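# Understanding the architecture of this molecule
Now for the letters of each chain:
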Amino acid sequence: MENVDALTLANNAIRLQLVQPHHVQDAWDEIGERGGPDPEPFLKVMERKAYLTPWQSSKLLKGETGGYYLGGFRILYKIASGTFGRVYRADDPRTGRIVAIKVLRRKWSDNKHIIDLFEREGRMGMSLKHPNVVEILAVNQDPASKNYYIVMEFIEGPNLREHLIARKKLDPLETIKILEDSAAGLVYAFARGITHRDMKLTNVLLATNNKTAKLVDFGLA
């Protein structure tokens with residue numbers, strides 16, 4: 001679709017429940033006009049005030065009316081991409097809880113084997129409750145978009161690969177802590193008959209708040 005004007009974009013944002021009317025009014029008050037043809041000034045204010053994310057703005061600017069929600073969670077922006085899926089940061093509009101949502105790529109949506117593996121990852125993850133394993137909250141298929149998705153605990157922090165690139169090297173105590181946390185998660189899963197089978201730096205997430213290492217992506221388990 002062609003780009004939309006500011007007023008249409010604002011109305012779409014409200015209709016799609018991305019923002020509240022007072023958020024839009026706040027932006028109009030700041031830019032000193034209502035419904036000018038150029039949406040850019042409006043979007044800059046909305047993003048600066050954290051009412052909209054750049055990812056949401058980009059979709060609204062194209063006139064897109066779908067793909068903003070999954071499983072009742074509002075998608076904020078893309079975190080990462082992989083061979084089989086994309087991971088987004090999202091929130092629960094009712095509680096404000098931040099989650100991560102892994103969405104199976106559309107090109108695999110007709111591949112029963114891949115779908116079975118994806119859903120098994122979700123179900124298996126939901127059975128694991130441990131401080132060193134990323135918690136899986138739900139696995140489902142969206143009835144509107146037909147997307148398969150997994151909702152999981154959001155970890156604020158880098159994966160181990162990103163951390164090593166930034167730090168160049170780790171001190172011994174930090175290294176031991178990461179190894180202990182990772183081993184604890186693996187032992188817990190193994191005691192329940194589950195072997196990870198895809199241990200790599202990108203599947204170890206490091207929580208910034210408490211320096212805890214958490215394992216993610218049991219898709220090949």
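Going by the structure above, here's the rest.
Below: a short report on this structure. (Residues numbered from 1 in each chain as written. Predicted model: local features only at pLDDT ≥ 70, side-chain atom pairs only at ≥ 80, totals over all residues. Heavy atoms only, no water.)

### Focus: the overall build of the chain
In terms of helices and strands, the chain carries seven helices and eight strands. For the chain, the spread of C-alpha atoms along the principal axes amounts to about 60 × 45 × 30 Å. A total of 221 residues make up the chain; the buried ones form 43% of that total. A separation of at least 24 residues holds for 51% of the contacts in the chain among residues at least 6 apart in sequence. (Helix = DSSP H or I, 4+ residues; strand = E, 2+ residues; numbered from the N terminus. Buried < 20%, exposed > 50% of the residue type's maximum accessible area, 1.4 Å probe, protein only. Contact = heavy atoms within 4.5 Å.)

### Here we look at the packing of helix α3 (residues 40–48) against helix α4 (residues 54–61)
The angle between the axes and the distance between the axes are what describe a pair of packed helices. Taken N-terminus to C-terminus, the directions of α3 and α4 make an angle of 155 degrees; their axes are 10 Å apart at the nearest point. In this view, α3 runs roughly antiparallel relative to α4, as classed from their interaxial angle. Read as a crossing pair, α3 and α4 show a hand that is right-handed. Two secondary-structure elements touch here, α3 through Glu40, Leu43 and Glu47 and α4 through Pro54, Ser57 and Leu61. (Axes fitted to C-alpha atoms, helices over the stretch in contact; angles between N-to-C directions. Parallel < 35°, antiparallel > 145°, perpendicular 65-115°, else oblique. Left-handed = near helix turned anticlockwise from the far one by under 90°.)

### A look at unusual backbone geometry
With a phi close to 65 degrees, Ala50 is a non-glycine residue in the positive phi region. Along the chain, the position of Ala50 falls in the loop between α3 and α4. A relative accessible area of 63% places Ala50 in the exposed class. Although it is not a glycine, Lys146 sits at a positive phi angle of roughly 70 degrees. Mapping Lys146 onto the fold places it in the loop between β5 (136–141) and β6 (148–153).

### Quick look at the nonpolar core
Phe42 and Leu60 are the most contacted members of the largest nonpolar core, which has 19 residues in total. Filtering out sequence-adjacent residues up to four positions away, Phe42 remains in contact with Leu9, Ala10, Val24, Ala27, Trp28 and Ile31. Judged by nonpolar contacts, the second largest core, of 17 residues, contains Trp108, Val134, Tyr148 and Phe154. (Core = buried A, V, L, I, M, F, W, Y, C linked by side-chain atoms within 4.5 Å.)

### Brief notes about the sheet that holds β6
The strands that make up a sheet are held in pairs by hydrogen bonds between backbone atoms, and each pair lies either parallel or antiparallel. An order of β1-β2-β3-β4-β6-β5 is seen for the six strands of this open sheet, with the pairing classed as antiparallel. At either end of the open sheet lies a strand with only one pairing partner, and these are β1 (69–70) and β5. In terms of strand pairing, strand β4 (residues 98–104) meets β6 through five bridges, oriented antiparallel. The partner of Ile101 across the bridge, within β6, is Val151. In this fold α4 packs onto β2 (73–81) and β3 (85–91), with an angle of close to 105 degrees to the strand it touches most, β2. (Pairing = 2+ DSSP bridges.)

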